[in-house]
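# Observations on chain architecture
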Amino acid sequence: MGRSKIIRVRSFAVLVALGLVAAACGGGAGTTTTEAQGEAPATTSATQPAPGGEEQPETGGPEAEAPVIVVSLSTDVDILEPHTFRTTGAYAVTRALYQPPADQVFVEEGGVRVGTSEVVASPILESYRVSDDGLEATFVMNPDARFDNGDPITAGDLAYTFRRTIEGPGYIGLLLPFIGIESSDQIEVVDDRTLVVRPKVASSLFDRFMTFQVFGPINQAVAEANATPDDPWAFEYFTNNAVSSGPYSLVEFDRDRGQIVLEPNPGYPGEVANGGIIVRNIPDAEQRALLLQRGEIDVAVGLAPRLLAQLQDDPNVNVYTAPSTRSVFLGMNVDIAPLDNKLVRQAISYAVPYDALLDQVMFGFASPAGTLIPSTMETYAGDAIDVYTTDLERARQLLEESGVGEFSIELAVPQSSKEQQQAAVLIQDNLRQIGIDAQINVLPDADYQGRRNNRELPLFFHEWYSWGDDPFYQMTFLLKCGQFTNFANYCNEELDQIIAEGTFTTDPVKRQELSTRAQQIMLEDAPHAWLWAADWAVATGKDISGVTKDFTEVPRFETLRKGG
Amino acid sequence: MRRYLIKRAGISVMTMLGIVIVVFFIVRVLPGDAAAVRAGPYATAEKIAQIRAKYGLDRPLWEQFVDYLAGVARGDFGVSVRTDQPVLGELLSRLPASLELAVYSVLVATVIGVPFGIVAAARQGTWVDVVARVFAILGSSMALFWLGLLMIYFFFFRLGWFPGPVDRLAVGTPPPPTVTGFYTIDGALAGQWEVVAMAFRFLALPVLTLGFVLAAPILKMVRSSVIETLASDYVRTARAMGVSPRTVLFVDGFRNALLPVTTTIGIVFGYMLGGNIIVEYLFSWPGVGRYAYEAIQTNDLEALQGFVIMVGILYVALNVVIDLGYALIDPRIRLGRKVTA
Amino acid sequence: MTSLALMGLLPPGIELRAGSIRLEGRELTPDLAEGRTPREVTMIFQHPRGALNPTMRVGRQVARVLRINQGLGASEAKEVAVDLLSRVGIPGAERVARAYPHQLSGGMCQRVMIAMALGCRPKVLIADEPTTALDVTIQAQIFDLIRDLVAETSCGVVFITHDLAAVAEMCDRVVVLYGGQVMEQASTVDLFERPSHPYTRYLLESVEREVDPHIEEKDVDFGLPGCRFAHRCSEVFDRCVEFPPQFDVGDGHTSACFRHAEENSVAS
Amino acid sequence: MSLLELDQVEKVFGTGSQAVPAVRGVTLAVDRGETLGLVGESGCGKSTLARVVVGLTEATGGRIVFDGEDVTNEVGDRTFRRKVQMVSQHPGQSLNPRLRIETTLAEPLRLLGVTDDPSEIDRRIDEMLTVVGLNPDYRRRRPGSLSGGQQQRVAIARALMSEPELVVLDEPTSSLDQSIRGRIVALLREIQERRGVAYLFISHDLSTVRRIAHRVAVMYLGRIVEVSATEAIFDDPRHPYTRALLSAVPSIDVRARRRRIVLPGETPSPVSLPVGCSFQERCPLVHDRCRREDPRLMESADGHLVACFAAVPAVSG
Amino acid sequence: MSQSVSWELPSSAEPGRLARWSAELRKRPLLAVGVALLFAYLVLAVVGPAVTVDPLRTDPANQLLPPSAAHPFGTDEFGRDVFARAVAAARLDLWIGLVIAVVSMVVGSVIGVVAGYWGGRVDEVIMRLTDVLLAFPGFVLALILVAAMGDSVPNVIVAVSVSFLPHFIRLTRAEALQQREMEYVDGARLAGNPPWRVAFRHVMPNSLGPAAVQATLVAGWAILTVAGLAFLGVGIRPPTPEWGVMVAEGANDVITGEWWTALFPGGMIVLAVMAFHFVGDELGGGRV
């Protein structure tokens with residue numbers, strides 16, 4: 001039954017890495033349409049007021065009386081270390097244990113608190129400010145913010161965390177150059193409460209990066225006490241332990257059963273809307289759905305569209321969805337014949353049954369993708385320029401023009417993704433009609449990734465999500481020449497130039513222009529067929545509210561509320 | 001007896017060594033790069049090289065093997081690629097779950113198999129016997145995963161008698177304080193009777209699934225060895241000497257049949273020691289079997305290797321125990337050949 | 001097979017169809033048909049070691065029989081068992097009682113089995129090829145033993161064997177069976193000196209006289225009606241397709257051959 | 001010159017404390033065309049000796065001389081196999097149940113290099129089947145459809161196919177019914193008369209041996225204790241074991257229920273033999289010397305060989 | 001008494017082979033059931049794919065339809081006809097089961113005869129290696145072997161065959177050890193057969209009996225093993241119509257009430273394996 005287990009692990013790892021890599025520029029338009037007051041007072045101002053006169057809540061404060069909420073994730077938690085974890089489960093849990101310095105402003109939309117592009121100080125900071133030239137960021141700690149072991153969270157801890165991202169072996173090190181950080185010299189502890197970071201260049205992504213949990217403070221004293229010469233950053237210690245700077249403390253981490261118990265961190269100055277969280281790994285989506293229906297769990301994520309459609313009809317369940325930029329595309333390796341022929345790729349792009357995929361595979365829980373910059377992402381140009389639609393006649397014609405004739409080709413699908421398998425079947429049907437015999441090869445995920453990474457797959461699926469919504473980062477990672485995640489091996493100098501220019505442009509008009517041009521190029525060269533942009537979706541019990549979607553799309557625990 | 005012991009021990013050690021060798025080299029042939037897995041899916045080449053160097057994966061296979069062997073001898077089975085935890089520790093912490101499942105399953109299988117087998121043997125050729133044989137064939141033909149699904153479908157989905165295939169306890173129920181690792185026992189020790197009851201409810205479906213399947217070999221063995229014993233010359237003698245059929249069945253028949261039966265139960269249990277991958281996977285049972293499944297799916301070579309070696313070694317060790325038990329019970333092995341009158 | 005029927009030990013699938021078995025005038029048939037073993041009859045078998053329970057000390061096996069058949073208490077049975085063992089000529093009975101069958105020789109095991117049989121206090125002891133698996137010198141010992149015991153306990157012995165010499169040595173009266181039919185019955189001396197049935201004659205000849213090596217042997221043929229020996233018989237004639245009754249040929253000597261009827265009718 | 005001579009042949013199974021001496025220093029000879037009977041109780045080593053002679057088991061000591069040639073190391077060779085064949089005890093086992101009779105009979109011809117010519121092979125098979133008293137039609141059958149006596153005839157036929165000079169008969173009749181036994185013995189004698197083949201006839205059945213053997217050797221615990229002409233052995237046994245053995249044999253003569261010599265005890269295990277004569281523990285004539293020294297075969301004036309210090313010198317009253 | 005126990009009826013007239021078989025089948029109902037089932041599967045495997053719809057054809061508009069006249073076993077979540085797939089799978093599964101049984105029997109028997117006939121060092125080495133293989137539950141052994149060799153039908157056959165090898169080695173070895181003591185082996189040696197010929201021409205054919213019976217059972221178990229592996233996503237992969245693959249694909253549906261996608265193919269597996277076992281069990285005298 002737990003067939004989906006593995007895959008999920010993998011795709012999540014992808015997400016995490018992507019998120020880190022592809023944070024969006026600060027000033028861009030948010031994904032949300034309405035500009036509204038954030039409901040949580042903490043996010044409305046750049047300055048975080050200390051919770052009024054509350055002493056350290058010994059027993060967890062009044063929230064401790066609130067009910068515990070059971071959340072079911074689709075994977076287990078591999079490790080708790082916030083810089084090297086790989087699974088989605090760990091992704092969600094580390095967010096609850098490491099509070100990043102900044103957070104988004106949220107607006108209510110269809111029952112979901114959706115993050116806007118406005119970024120403010122998080123509860124553990126008193127203030128967060130970036131200079132107008134973008135070359136100096138000042139972090140002032142909230143004097144009431146404490147780790148769950150009682151230590152105050154100081155500027156030193158935050159600085160230590162920055163240094164750890166820069167010098168340690170975590171993923172984030174690779175991405176720091178995009179926000180202009182190269183060395184620890186750029187981090188300066190002014191005093192116990194104040195930290196200044198000086199990026200080399202102004203980056204529109206800086207704000208967004210600061211909302212990522214990788215910058216959530218790690219307790220320096222504890223880390224150093226547990227460091228060894230082999231492991232100066234105490235990765236090993238944090239693999240199984242956490243000193244939380246976030247809304248929750250770790251009570252229990254049972255790898256065997258895949259269960260984690262979190263209780264509110266008494267030292268966390270922000271609001272926690274529930275009495276604690278139990279995180280359960282239930283690998284099967286169907287089981288998660290069923291347990292949700294039976295009230296045994298409160299929140300389930302990672303449900304397949306078919307299940308979401310079923311759950312929507314269940315009066316005991318709420319299905320929260322929001323458009324997302326998580327795109328799924330069919331990659332075509334431009335170095336493998338006959339896909340090296342542009343016309344063949346175009347023919348394939350015309351042959352894809354886009355509407356059928358949205359209806360029959362995604363059950364409507366997706367938006368059309370259109371281009372690499374999906375319709376849900378800023379600078380999408382599909383309304384202005386022609387994107388591919390299903391046109392078998394055209395496809396046949398193109399194939400004929402290409403002179404390639406009928407051929408047979410491997411279409412690889414990862415075993416864990418039912419949706420992609422179904423999509424493959426539908427695509428195969430249409431390709432057959434234009435004379436292409438696609439051999440579906442369902443591969444175990446490890447194999448699939450291995451072969452994809454080695455550029456051995458001619459036709460493959462790729463699911464990609466950028467934590468930010470930045471189109472140029474999307475392009476950078478998916479189509480930039482030589483990029484390690486560019487599995488289509490596509491290379492176009494003009495596109496590379498546009499990417500280079502667009503990444504450091506803050507002018508929205510200019511960005512739109514560059515992006516539109518890029519989309520034209522991509523549509524012409526057709527290195528991918530862009531299938532859909534999947535909705536973000538969470539299903540909960542009827543009595544659960546406070547579901548939050550932020551830049552990272554990580555399940556946020558502290559806003560979940562059970563009952564009235 | 002002493003010679004026998006020494007020989008047995010020697011063979012066992014050789015077998016264990018063989019297990020380590022075989023597994024190590026089979027697993028090394030596995031496609032996929034341990035370092036790449038450890039580095040994560042989007043790692044750069046340098047990063048992979050770094051990891052390869054760190055874990056010694058760039059050294060000659062032979063050296064790696066010697067290291068691994070030395071490690072195993074010390075109880076170090078390497079570190080899981082996926083969780084960065086020592087494999088042995090992870091296996092040991094999951095072993096009680098598998099063992100609890102195994103013990104109850106074998107218990108159920110024995111409770112079904114032994115009496116049914118005796119009755120079938122005593123009434124050889126009658127309809128009872130035919131039913132028993134069909135039952136045994138059904139059991140040994142059963143696809144575990146299918147039976148498990150049937151159980152889930154009927155007893156969980158349709159009837160709702162038992163909890164879903166999720167775990168050993170309901171979500172959010174803390175396990176009882178660990179003494180044996182068996183929730184049913186630990187719960188009782190701690191006086192948490194609700195936990196005990198819940199643990200049994202969660203055990204029910206996987207145990208019934210396995211119990212049914214494992215009953216088959218036990219039933220067959222009981223039946224055929226009781227039949228064999230009953231047909232033996234010494235049972236005929238006992239009957240000729242006026243011993244009643246009932247006594248013959250239970251004292252001579254079953255007692256002597258007990259030896260092979262004990263061995264069968266031992267083997268069945270040994271088979272279960274490795275945790276049943278299919279059932280643990282199907283019921284999300286947090287034991288070593290599911291661990292192995294996850295290891296395979298994620299190319300976690302160290303974990304897989306550790307699992308298989310542990311299973312092999314436990315099995316060999318169990319067999320030594322069974323053989324010794326057998327030798328103790330059976331005077332033909334325990335005692336020397338002749339008493340000259 | 002006949003002896004097994006007598007013991008109520010017929011294997012499943014084979015049943016007593018007709019006839020009766022009587023002991024001292026008492027009908028045993030119904031009990032036997034239901035597989036109950038008559039107490040007064042006991043039996044010893046051909047392969048003595050296999051005939052003893054391998055996982056039970058022989059002393060216990062003997063004692064068990066004593067408890068069941070003589071109603072002795074546990075400790076008494078144990079003592080009597082040792083006594084019995086030495087009575088059947090086992091030296092160091094005390095020690096042997098604690099041994100398992102595999103530790104004893106075949107001859108020794110046969111003695112143990114005889115001890116067990118004695119423990120039943122039988123009126124009839126059926127000895128089914130008791131020495132076939134033993135060496136001659138041991139066979140001689142067992143023969144002596146059986147003879148002595150018969151003299152001592154005055155129990156009857158049914159001695160089943162294919163060895164004519166053993167019959168000559170051991171028996172008072174002989175029944176010759178062929179293919180499940182009684183061919184001839186007589187006192188031993190009478191039978192050996194005055195064999196009447198062609199089969200008996202054939203048997204004795206094959207031991208004593210030269211035979212033509214080129215005559216082919218035939219197996220017992222159960223498919224044919226009438227005399228079972230007919231198809232091998234050199235004196236076969238048309239009446240042999242019927243089932244021959246026993247003809248008295250004098251001195252309680254009977255023979256189941258129609259030739260006797262002819263002779264008689266010719267004579268009279 | 002004898003056809004086969006055994007000189008101090010030994011066979012020890014296993015080594016060290018587990019060593020079992022099955023054959024201990026046997027010296028024997030078989031002449032052309034004669035039948036030497038070898039008698040003894042089970043476990044005395046007579047079958048082992050047979051296997052040593054035909055090369056199925058390798059001797060651990062001593063010499064084997066065939067036709068004046070030392071063949072100790074060649075007994076398993078093809079040339080020797082042609083000359084020395086064997087018939088074994090259980091006719092049901094001695095033929096490969098899957099092969100037709102003709103296939104079994106053709107094997108020695110082909111594999112021992114007698115002939116490869118199919119028609120010649122056919123001819124010889126038919127001929128041999130007739131010799132052993134079977135209808136040549138039997139060639140197409142498999143052993144399962146034959147009776148025990150017929151199977152043994154086939155086994156004899158196989159042994160004779162390569163026209164051997166010596167056939168070792170290892171209890172060839174002991175698992176057959178009495179009536180069939182006589183026929184097989186008669187057949188063997190007939191063959192010997194016609195073909196001049198020598199037999200080493202091994203049996204525990206003294207009456208059969210008496211009927212076929214020219215000379216008889218008595219074996220006890222791996223040693224030959226007495227050798228002499230058949231009549232001499234049966235009428236004038238000199239070794240106390242032979243005497244006991246003979247007297248233990250039941251006789252078909254109902255009137256002559258004579259007093260038997262019943263030996264006490266049982267044959268000791270060959271693993272732990274006592275010093276001196278191995279028969280000492282059961283011997284009615286045992287004296288001190290027997291406990292110190294193991295007697296060798298000693299020849300008396302009439303050519304009777306006995307291994308006993310107290311051997312009864314002549315016919316006893 | 002015990003001397004004359006050939007109670008078997010004489011075979012007076014040789015009845016036809018067919019008549020003998022049918023008499024045999026009437027006497028042994030379990031055997032008859034097994035043979036009938038196997039025959040039915042055979043027909044299904046041979047004829048079935050010709051009469052059913054394309055097992056790979058998807059029809060997104062008809063996903064997860066319950067069983068009906070048009071789709072006797074319903075449709076799966078790709079809208080494929082479960083019956084057509086189950087029938088197509090019969091061909092693959094039966095074939096794989098038989099091939100594995102034959103391969104492991106032949107290879108295992110050869111090794112077993114070598115060990116049993118030659119004995120000594122050779123035997124010692126073979127038995128130690130067999131012990132090592134036996135130290136793993138067969139399923140685990142097959143699992144790591146397939147994992148090591150990669151997913152493909154030939155690899156699955158090899159891996160599963162290896163996992164059954166030790167049974168055949170032991171069985172044939174034990175039998176060969178017994179056969180070695182039989183006098184016909186001496187006879188064969190005396191007839192001039194060289195050792196290899198004695199081993200393979202004489203001993204081996206006579207040692208195959210138990211192995212052949214075992215092979216019938218193994219054919220069934222092989223199907224189970226292959227399906228079990230496929231269920232775990234190892235070996236044979238979707239969308240190949242294979243019973244284990246189908247059960248795996250349908251397993252998730254069971255929990256949401258669409259039982260037919262998994263339960264039908266699973267039932268087909270169990271019936272097929274049972275058929276082999278009825279036959280094997282009867283041939284082995286009910287004691288296997």
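Positions within a chain are numbered from 1, following the residues in the order the chain's sequence is written. Going through the entries in the order they are written, you letter the chains from A and number the ligands from 1. It should be noted that, the model being predicted, local features are given only for residues of pLDDT at least 70 and side-chain atom pairs only at 80 or more, the latter also being counted only at that level, while totals for whole chains, interfaces and linings use all residues. With hydrogens and water excluded, all non-hydrogen atoms of the structure serve as input to the side-chain values.

To continue, consider the interface of chain A and chain E. Throughout, a residue-residue contact means that at least one pair of heavy atoms, one from each residue, lies within 4.5 Å. With 24 residues of chain A at the contact, the number on the chain E side is 22 residues. When two parts are brought into contact, each loses some accessible area as probed by a 1.4 Å sphere; the total of that loss over both is the buried area. For the pair chain A and chain E, the summed buried surface comes to about 2,000 Å²; carbon and sulfur atoms form 52% of the total. Just to be clear on terms, a salt bridge is a Lys or Arg side-chain nitrogen sitting within 4 Å of an Asp or Glu carboxyl oxygen. Between chain A and chain E we count two salt bridges in total. Between Arg306 of chain A and Glu258 of chain E there is a salt bridge whose closest N-O contact spans 3.9 Å. Strands here mean DSSP runs of E at least two residues long; helices mean DSSP runs of H or I at least four residues long; both are numbered from the N terminus. Going through the elements one at a time, helix H7 (285-293), helix H8 (305-312), helix H12 (418-433) and strand E15 (436-443) of chain A are the ones with two or more residues in the side of chain A that touches chain E.

Take the sheet that holds strand E3 (residues 41-44) of chain C next. All names here are of chain C. Sheet architecture is open: three strands sit in the order E3-E4-E5, paired in parallel fashion. Bordering the open sheet on either side are E3 and strand E5 (156-160), each of which pairs with just one other strand. Taking the axes of each pair of neighbouring strands and ignoring which way they run, one obtains an average angle of 20° across the sheet. Where strand E4 (residues 124-128) and E5 come together, five bridges link them in parallel fashion. Looking at E5, one finds that Ala127 is bridged to Phe159. The sheet strands contacting helix H6 (residues 106-119) are E3 and E4, and the helix crosses E3 at an angle near 175°. Think of it this way: DSSP has to see at least two bridges between two strands before they count as a pair. Geometry is summarised by axes, namely lines fitted to C-alpha atoms with helices restricted to the contacting stretch, and by angles between N-to-C directions that run from 0 to 180 degrees.

Listed per partner, the contact involves 48 residues of chain B and 45 residues of chain E. In total, chain B and chain E occlude about 4,200 Å² of area from one another, counting both sides; carbon and sulfur atoms represent 78% of this. Applying the counting rule to chain B against chain E returns three salt bridges. Salt-bridge contacts for Asp281 of chain E lead to Arg133 of chain B; the nearest nitrogen and oxygen are separated by 3.2 Å. By the criterion applied in these results, polar contacts are pairs of N or O atoms within 3.5 Å in which, for protein atoms, one can donate a hydrogen and the other can accept it, and in which residues neighboring in sequence qualify only through two side-chain atoms. On inspection of chain B and its partner chain E, the count reaches six residue pairs in polar contact (both at pLDDT 80 or more). Contributing elements (two or more residues each) for the side of chain B that touches chain E: helix H1 (2-29), helix H6 (127-141), helix H7 (144-158), helix H9 (193-230), helix H12 (277-282), helix H13 (288-297) and helix H14 (301-329) of chain B. The greatest single-element share of the side of chain B that touches chain E, amounting to nine residues, is contributed by H1 of chain B. Of the residues in the side of chain B that touches chain E, the class split is 37 nonpolar, seven polar and four charged. Gly falls in the polar group here, along with every residue not listed as nonpolar (Ala, Val, Leu, Ile, Met, Phe, Trp, Tyr, Cys, Pro) or charged (Asp, Glu, Lys, Arg).

Once that is clear, we can look at the packing of aromatic side chains. Classification of ring pairs uses Phe, Tyr and Trp, with its six-membered ring standing for Trp, and accepts pairs whose centres are within 6.5 Å; under 30 degrees between planes counts as stacked, over 60 as edge-to-face, and the remaining range as tilted. With the rule as written, the count across this model stands at 44 aromatic pairs over all chains. An angle of 70° between the planes, with centres 5.6 Å apart, marks the rings of Tyr281 of chain B and Phe231 of chain E as edge-to-face. Taken together, the residues span two chains, with Tyr281 of chain B in helix H12 and Phe231 of chain E in helix H8 (residues 195-231). Both residues of the pair, Tyr281 of chain B and Phe231 of chain E, belong to the buried class. A connected cluster of aromatic rings, assembled from ring pairs, spans Tyr128, Phe139, Phe162, Phe209, Phe212 and Phe215 of chain A. Exposure is judged per residue with a 1.4 Å probe applied to protein chains only, and the accessible area is read against the type maximum: over 50% gives exposed, under 20% gives buried, and values in between give partly exposed.

Attention now goes to the state of the cysteines. As used in these notes, a disulfide is a covalent bond between sulfur atoms, one from each of two cysteines. Residue and element names in this part refer to chain A. By definition, disulfides here are pairs of cysteine sulfur atoms that lie within 2.5 Å. Within this structure, the stated rule accounts for one disulfide over all chains. The partner cysteine of Cys481 in its disulfide is Cys491, sulfur to sulfur 1.4 Å. What sets the handedness of the Cys481 and Cys491 disulfide is the S-S torsion sign, and at about -70° it is left-handed. Of the two residues, Cys481 is situated in the loop between helix H14 (471-479) and helix H15 (493-503) and Cys491 in the loop between H14 and H15; the sequence distance between them amounts to 10 residues.

Another aspect to go through is the domain arrangement of chain A. One frequently used descriptor of interface size is the decrease in accessible area upon assembly of the parts. All names here are of chain A. Each domain's limits were defined by an automated method or a database of domain assignments. As assigned here, chain A comprises domain 1 (14-97 + 246-316 + 542-562), domain 2 (116-222) and domain 3 (324-534). Summarising the inter-unit geometry, the C-alpha centres of domain 2 and domain 3 are found 36 Å apart. Each partner contributes to the interface: domain 2 provides eight residues, whereas domain 3 provides nine residues. Both sides of the domain 2 and domain 3 interface together cover about 790 Å² of buried area, and 73% of this is carbon and sulfur.

Tracing the backbone shows Arg181 of chain D in helix H7 (residues 178-195). Within the structure, the side chain of Arg181 of chain D is placed 3.4 Å from the backbone oxygen of Leu176 of chain D, a separation counted as a polar contact. Discounting residues that sit within four places of it in the chain, Arg181 of chain D has contacts with His162 of chain C together with Thr173, Ser174, Leu176, Asp205 and Thr208 of chain D.

It is worth spelling out a positive patch on the surface at this point. The patches described consist of residues with a relative accessible area above 30% and no salt bridge, like charges being joined within 9 Å and nonpolar side chains (Val, Leu, Ile, Met, Phe, Trp, Tyr) within 5 Å. Note on areas: these come from Shrake-Rupley sampling with a 1.4 Å probe, and a residue is covered only by the protein chains present in the view. Charge assignment: positive for Lys and Arg, negative for Asp and Glu; neither His nor the chain ends contribute. The atom standing in for a charge is NZ when the residue is Lys, CZ when it is Arg, CG when it is Asp and CD when it is Glu. A cluster of basic side chains, namely Arg57, Lys78, Arg95 and Arg98 of chain C, defines a positive patch on the protein surface. Inspection of the secondary structure assignment puts Arg57 of chain C in the loop between E3 and helix H3 (58-70).

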